[in-house]
Every structure is written in C-alpha cells, then in structure tokens.
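What follows is each chain in one-letter form.
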Amino acid sequence: MSLFQEMSEAVISGSAKKVKELSEQALAQGNDPQNIINDGLIPGMNIVGARFKANEIYVPEVLISARAMHAGLNVVKPLLSAADTTNKGTVVVGTVKGDLHDIGKNLVCMMLEGAGYKVIDIGIDVAPEQFVKAVEENKPQIVGLSALLTTTMINMRNTIDLLKSYPVKVMVGGAPVTEKYAQEIGAHAYAADAASAVDRANELVAS
Ligand code: B1M
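In this text the structure is predicted, and so the values were computed from the model without any measurement. (Residues numbered from 1 in each chain as written. Predicted model: local features only at pLDDT ≥ 70, side-chain atom pairs only at ≥ 80, totals over all residues. Heavy atoms only, no water.)

Of the regular secondary structure elements, the chain holds nine helices and five strands. Mapped from its N terminus to its C terminus, the chain presents α and β elements in the order α-α-α-α-β-α-β-α-β-α-β-α-β-α. For 207 residues, the compact-globule formula gives about 17 Å, and the C-alpha radius of gyration of the chain, at 17 Å, lands near that figure. Across the 207 residues in the chain, those meeting the buried criterion constitute 47%. Nonlocal contacts in the chain, meaning residues at least 24 apart in sequence, comprise 71% of its contacts between residues at least 6 apart. (Helix = DSSP H or I, 4+ residues; strand = E, 2+ residues; numbered from the N terminus. Rg over C-alpha atoms; globule rule 2.2 N^0.38 Å. Buried < 20%, exposed > 50% of the residue type's maximum accessible area, 1.4 Å probe, protein only. Contact = heavy atoms within 4.5 Å.)

With respect to topology, five strands assemble into an open sheet ordered 2-1-3-4-5, the strand pairing being parallel. The two strands at the open ends of the sheet, each matched to only one other strand, are strand 2 (118-121) and strand 5 (189-190). Two elements, strand 1 (residues 90-95) and strand 2, share four bridges in a ladder whose sense is parallel. Paired with Val92 across the strands is Ile120, a residue of strand 2. Strand contacts of helix 9 (residues 194-206): strand 3 (142-146), strand 4 (169-173) and strand 5, with the helix running at about 165° to strand 4, the strand carrying the most contacts. (Pairing = 2+ DSSP bridges. Axes fitted to C-alpha atoms, helices over the stretch in contact; angles between N-to-C directions.)

On the surface, Phe52, Val59 and Leu63 cluster together into a nonpolar patch covering about 290 Å² of accessible area. By the element assignment, Phe52 lies in helix 3 (residues 33-53). Taking the relative accessible area as the measure of exposure, Phe52 reaches 39% and is therefore partly exposed. (Patch = residues over 30% accessible without salt bridge, like charges linked within 9 Å, V, L, I, M, F, W, Y side chains within 5 Å. Areas by Shrake-Rupley, 256 points an atom, 1.4 Å probe, with all protein chains shown as cover. Salt bridge = Lys/Arg side-chain N within 4 Å of Asp/Glu carboxyl O.)

Further remarks concern the coordination of the cobalt atom of the ligand. When only protein atoms are considered, the cobalt atom of the ligand has one donor, His101 (NE2), at a distance of 2.2 Å. By secondary structure assignment, the location of His101 is in the loop between strand 1 and helix 5 (103-114). (Donors = N, O, S within 2.8 Å, 3.2 Å for Na, K, Ca; no water.)

What the domain assignment lists for the chain is domain 1 (3-79) and domain 2 (90-206). Its C-alpha centre places domain 1 at a distance of 24 Å from the equivalent point of domain 2. At the interface, nine residues of domain 1 touch seven residues of domain 2. Regarding the contact of domain 1 and domain 2, the summed buried area is about 680 Å², with carbon and sulfur atoms giving 84% of it. Considering only the surface of domain 1 that becomes buried against domain 2, His70, Leu73 and Lys77 emerge as the three largest contributors, covering 52% of it. Summed over the shared surface of domain 1 and domain 2, the result is zero salt bridges. For the pair domain 1 and domain 2, the interface holds zero residue pairs in polar contact (both at pLDDT 80 or more). When contributions to the side of domain 1 that touches domain 2 are tallied by element, the ones reaching two or more residues are helix 3 and helix 4 (59-82). Its residues assigned to classes, the side of domain 1 that touches domain 2 shows six nonpolar, two polar and one charged. (Domains from an automatic or database assignment. Buried area = accessible area lost by both parts, 1.4 Å probe. Polar contact = N/O pair within 3.5 Å; in protein donor to acceptor, adjacent residues only side chain to side chain. Nonpolar A, V, L, I, M, F, W, Y, C, P; charged D, E, K, R; others polar.)

This brings us to the nonpolar core. Burial of nonpolar side chains together is a common tendency in soluble globular proteins. One finds Leu41, Met45, Met69, Leu112 and Met171 to be the most contacted residues of the largest nonpolar core, which totals 44 residues. Mapped by element, the contributors of at least two residues to this core are helix 1 (3-13), helix 2 (16-28), helix 3, helix 4, strand 1, helix 5 and helix 9. Of all the elements, helix 4 adds the most residues to this core, at eight residues. Each of domain 1 (3-79) and domain 2 (90-206) gives at least three residues to this core. Each residue touching Leu41, except ones within four places of it in the same chain, is listed here: Met7, Val11, Val19, Ser23, Ile36, Met69, Gly72 and Leu73. Of all hydrophobic cores here, the second largest spans 24 residues; its members include Met153, Ile160, Val168 and Val170. (Core = buried A, V, L, I, M, F, W, Y, C linked by side-chain atoms within 4.5 Å.)

Next comes the structure, spelled out in structure tokens:
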C-alpha cells in the first residue's frame, strides 16, 4: 500500500495520530503539501462521505474521521501558508447560517492563505448580518461563502442580498452549489474546489 493509500485508510478509520504521523512522513519524503491533501486526505474523506450516504456509518464515525483529517491538515497548513507571503488582498470566509460543515471551508482558507491572501475565517453557522459586520470591520476585496446542505444554500442568497451595497465580490462553493446556482443568486464567482477557489479569487481581484 502506498503512503497516500495508508493515509486515506487512516482518515477512514479515524486515527488522528496515524494521519498526523503519515502526513509528517510524507512531508519528510519531499511530497508537495497540496498532493498530501489531494491524494491522501481528501480521497479518504470522500470514501467516508460515500459510506455515510449509504448509511454504512453514522455521524460519530464521520466526526472521528473529520478530526483525523484535520490532524493531517494541521501538519501541512504551515507549509502552504509559507509558500507565498505577498498579500494579494483580503478574503472573509465563512460557512453560512444553519450549516456546521467546515472541512471544505478550512481547505479553501488554507489554499487562499497559501496563495498570498489575508484570510479572515469567521467560522460556521454565520448569519448574513455577521458577514456584513465582518465586511465593515475588515474591508475585504472578496467574501467567500461555503454551504454543504441544500437546506442552507438559501442563506447564500440572503447574504449576497445584504452585501449588495458593499464594494465586495462574492465567491460561493460547497458540494451542492453549482455554477448555475451561483449565477442565479448573484454571486460573482463559483469555485468547485479549493484549488479553483484560488483561481477565481485571482480573477476577482484582477477584474
Ligand atoms: Co454532513 N452532510 N450533515 N456532516 N456531511 C453531507 C454534506 C451530506 C451530503 C451527506 C449525505 O447525506 N450524503 C448531507 C447533505 C445532504 C444535502 O443537503 N443534500 C449531510 C447531512 C444531511 C448532514 C446532517 C443534516 C446529518 C444529520 O444530522 N442527520 C448534519 C447537518 C449539520 C449542520 O450542518 N447543521 C451533518 C453533520 C455532519 C458532521 C457534523 C457529522 C460532519 C461535519 C464535520 C465538519 O465539517 N467539521 C459531516 C460531514 C463530514 C459530511 C460529509 C460526509 C463530508 C463533508 C466534507 O467534509 N467533505 C458530507 C458528504 C460528502 O460531501 N460526501 C456530508 C470533504 C470536503 C473537503 O469537501 O466540504 O465538499 P467539501 O469542500 C470542497 C468543495 O465543496 C469546495 O472546496 C472544498 C475542497 O475541495 N468548497 C468550496 C467548499 N466550500 C467552498 C467555498 C468556496 C469555494 C469552494 O468559496 C468560498
């Protein structure tokens, strides 16, 4: 079994200690931090997602795997952030109201930081008014909204409506979100994954 397969298995079995050790080992072997995320950590979490969907595992197991995935992300995060120290702009990022999913959002934050943005992560279950407050306080160029539930996507629209009078661009993403939905609710950009979020942010600050 390859190191990345072992890492995926450790995410699936929820062994945070093993995921941390394997992530450190992968870095010591000279692997790119982004490959560790894309080829080791995310595939494991994808399998967890499929099993959760098929009712083969339940919320506690998913949480244990999520914690294991975070243990790996914490190992690679400093290296991603060190990759580029230029400040390309400020991005306020949060998961919308009613939604507690933060793994994808955290990845997006890490990738943006790694690409040279100042990221203000305002957390999960963020009400539209809290996004507005963060915009007033931090004057970002971009606001990033994440949603993982079809029931909370509506809060992207509510947030965008409130932000219309502010000079910020809004980027949206998350598993149920599509390009079409992003256009319908008036978002300036849609990103399907964390790497594309960096591309879209670069386009938004250049426009
Ligand atoms: Co939840 N959950 N969950 N869950 N959970 C999903 C999303 C679900 C699809 C599982 C399923 O049924 N198949 C389903 C949603 C169904 C739907 O709405 N259509 C679901 C459900 C139903 C629920 C609960 C309602 C379950 C319950 O209690 N009965 C509940 C809701 C809680 C709430 O939020 N109010 C719930 C709870 C949980 C846990 C707490 C157990 C846990 C979250 C832990 C945490 O985040 N700290 C959890 C998890 C882990 C999942 C799955 C298994 C994995 C999500 C994940 O982290 N994926 C998920 C199933 C799945 O997606 N396969 C599921 C890995 C992550 C890297 O990907 O988040 O998609 P993702 O992020 C990607 C892209 O989407 C994108 O980039 C990221 C990196 O590439 N992206 C952006 C994300 N945000 C972006 C923002 C951007 C740009 C790109 O710009 C700003």
